[in-house]
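# A structural walkthrough
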Amino acid sequence: MGRDVQEAARSMTSESPSPFLNALRAWADKRPDALAVLDGGETTTYRNCVARIDRRAEELRRAGLRAHDRVAVVADNSTDYLVSAFAVWAAGGTLVTVYPSSGQADLTYCLDSSEPALVLAEERVLAIVAAAAGPDVPVADVRAALPAEVTCRRASTQDATPEELALVCYTSGSTSRPKAVMHSHAGLFAAASAYAQVWHIDQHDRTIVCLPMAWAFGLVTTSMATLAVGGTVLPLARTKPALIIEAITSDRATFLAGVTTTFRKMVDHLRGLADQPDLSSLRLCISGGEPRNEKVFAEWTTLSSCPVHDVFAASECFPVVTYDPIDDPHPVAGSAGKVVAGARMRLIDPATGQDVPPGASGEALWQGPAHFLGYWRDPEATANATTADGWYRTRDLVRVDEHGYVFVEGRLSDMIIRGGSNVSPAEVEQVVCAHPDVHDAAVVGVSDPDYGQAVVAVLVAETDARVDAEELAGWCRSQLASYKVPTRFVTVEALPVNHSTGKVDRRKIATSIENLAGAS
């Protein structure tokens, strides 16, 4: 599956540095009238998609874009986003993706550090993007033809840009500042092809892309994986349940990818509908980026008849761990799946660097089809993120069972150390979320004068349920070692999420709990 497209891409490498673009052109020749993108009421065939990319690329060249110049895209998901992103490659440039939900400080940092020759932005953020870019960087509307008077900026110094560099994608800012991850053309196409193969995506699939295209999950894992094999992309500018349901019921979507929070919101929305919509077109649901919530996923499966499989990867290295839905039609509770063909994983003791014995937990090291070239202009961070022999350090604690299923126990940085013992937030969350009165939960560590850190569960109760802290603590004691049982349960109306990715914002939760403790 997809072999003919890969062969066509390899045979046409002289046409473009991007094997993905060559594959796209091959589909335009083979199935010109097939639907490439369905964006609301706008339909774009493969023939038209390639024609639009070529027109946009010519506009960029006319504006003075040179080989390896960078073009930043700061926009919502749309056909225009895809056309502009791929046109940058067609014109020989390097694509820089920045979340349109970024605050002024992050926008300024991303645009300062990447030094784009041009920025293409969504109309709703044009003003804030222009302010962040400064007076010397041209900013244009991503959805409009490039005005004739726009001229690409000339950087004061020409970077020694790697010939193979295709993408600089900024992470969502879960660390102190966004990280600029570099990827090659060959790596991106290898990753898109690998996802298409393991998930059995083909020309009959219609993929909902509600995750931001500024994230590799939205651009490569879903959009490019679908287009590389002749399928149809359904871009959504917002991850809103009503929009997703419309894409399933009206456009007969077959593939939905999201984070755990996406499926929790879908379940909440469906609960409130008098008539349940027809979701039978779905054949594949994938969740990634957050710990699994098995109770929510079970309810989604009941409502949609489509189980939620998992993917475990990083912007720096992907794909690595996921499910083949044919080999594993029902995901293993708590597991992200198995290591995919073309990827490798080692588990090491974080303290000694030695491989851990089978079945033991260790820090995951990865090598995968899309293995990053490093962080843009940050050799120190690149060195810290990689081993001397070329493995990417995930900073995630992982174990693999005897059947090869991978279980993510949490970020090493999120690990709670209570009285000298390690507590995995993900493990505690699984237990707390399984309680019938709990709808969702996040577990964090906060300062404690006696034990160093205390385990605190912040939770959202089920509708009309009243959570009894003592009863919930007893529930946890029945399934967890005593030092892992939360010492405090805090009920909130909703867990705060990262505005870029929709993932639960653990840093914000921990800070809020610390501030409450300080105030009291």
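Here the focus is the overall build of the chain. Of the regular secondary structure elements, the chain holds 15 helices and 26 strands. Overall, the C-alpha framework of the chain stretches about 70 × 50 × 45 Å when taken along its three principal axes. Counting over 520 residues, the chain shows a buried share of 56%. With an accessible surface of roughly 21100 Å², the chain has 50% of that area assigned to carbon and sulfur atoms. For the chain, the separation between the mean place of its 46 positive charges and that of its 64 negative charges on side chains is 3 Å.

Quick look at the sheet that holds strand S25 (residues 452-461) now. Spatial strand order, S24-S25-S26: three strands in an open sheet with mixed pairing. Of all the strands in the sheet, just strand S24 (438-448) and strand S26 (488-491) have a single pairing partner and so form its edges. Across the sheet, the axes of successive neighbouring strands diverge by a mean angle of 25 degrees, strand direction being ignored.

What follows concerns the packing of helix H2 (residues 19-30) against helix H3 (residues 46-62). Relative orientation of the contacting elements H2 and H3 amounts to 135 degrees, with a least axis distance of 8 Å. As summarised for this structure, H2 and H3 are arranged oblique, according to the angle between their axes. In the crossing of H2 with H3, the sense of the turn from one axis to the other is left-handed. On the side of H2, the interface is formed by Leu24, Arg25, Trp27 and Ala28, while H3 contributes Tyr46, Arg47, Cys49, Val50, Ile53 and Asp54.

In contact at an axis separation of 10 Å, H2 and helix H4 (residues 79-90) are set at 115 degrees when each is read in the N-to-C sense. On the basis of the axis angle, H2 is roughly perpendicular to H4. Here H2 runs over H4; the crossing is left-handed. Along its contact with H2, which presents Phe20, Leu21, Leu24 and Arg25, the element H4 presents Phe86, Trp89 and Ala90. Here the contact of H2 with H4 is built from residues that sort into six nonpolar, no polar and one charged.

As enumerated under the stated definition, the model contains 32 salt bridges in all. Across the pair Asp69 and Arg66 runs a salt bridge, and its minimum N-O distance is 3.4 Å. Note on Asp69: relative accessible area 6%, which makes it buried. Classification of Arg66 as partly exposed rests on a relative accessible area of 30%. Among the ionic pairs, Lys484 bridges to Glu427, the shortest N-O distance being 3.0 Å. Separated by 57 residues along the polypeptide, Lys484 in the loop between helix H14 (469-477) and S26 and Glu427 in helix H13 (residues 425-433) bring together distant segments of the chain. For Glu427, a relative accessible area of 33% corresponds to the partly exposed category. Several salt bridges share partner residues, and in doing so they unite Arg264, Asp268, Arg271, Lys295, Glu299, Asp440 and Glu462 into one network.

A few words on the sheet that holds strand S6 (residues 139-141). With mixed pairing, seven strands are arranged side by side in an open sheet as S6-S5-S3-S4-S7-S8-S19. On the outer flanks of this sheet lie S6 and strand S19 (374-375), each paired with one strand and no other. Where strand S7 (residues 165-170) lies against strand S8 (residues 180-184), five bridges are found, and the strand directions are antiparallel. Opposite Val168, over in S8, you have Met182 as the bridge partner. Contacts from helix H5 (residues 104-114) reach strand S3 (70-74), strand S4 (94-97), strand S5 (118-121) and S7 within the one sheet, and its direction differs from that of S7 by about 155 degrees.

The rules behind each value
- Residues numbered from 1 in each chain as written.
- Predicted model: local features only at pLDDT ≥ 70, side-chain atom pairs only at ≥ 80, totals over all residues.
- Heavy atoms only, no water.
- Helix = DSSP H or I, 4+ residues; strand = E, 2+ residues; numbered from the N terminus.
- Buried < 20%, exposed > 50% of the residue type's maximum accessible area, 1.4 Å probe, protein only.
- Areas by Shrake-Rupley, 256 points an atom, 1.4 Å probe, with all protein chains shown as cover.
- Lys, Arg positive; Asp, Glu negative; His and termini not counted.
- Charge placed at Lys NZ, Arg CZ, Asp CG, Glu CD.
- Pairing = 2+ DSSP bridges.
- Axes fitted to C-alpha atoms, helices over the stretch in contact; angles between N-to-C directions.
- Parallel < 35°, antiparallel > 145°, perpendicular 65-115°, else oblique.
- Left-handed = near helix turned anticlockwise from the far one by under 90°.
- Contact = heavy atoms within 4.5 Å.
- Nonpolar A, V, L, I, M, F, W, Y, C, P; charged D, E, K, R; others polar.
- Salt bridge = Lys/Arg side-chain N within 4 Å of Asp/Glu carboxyl O.

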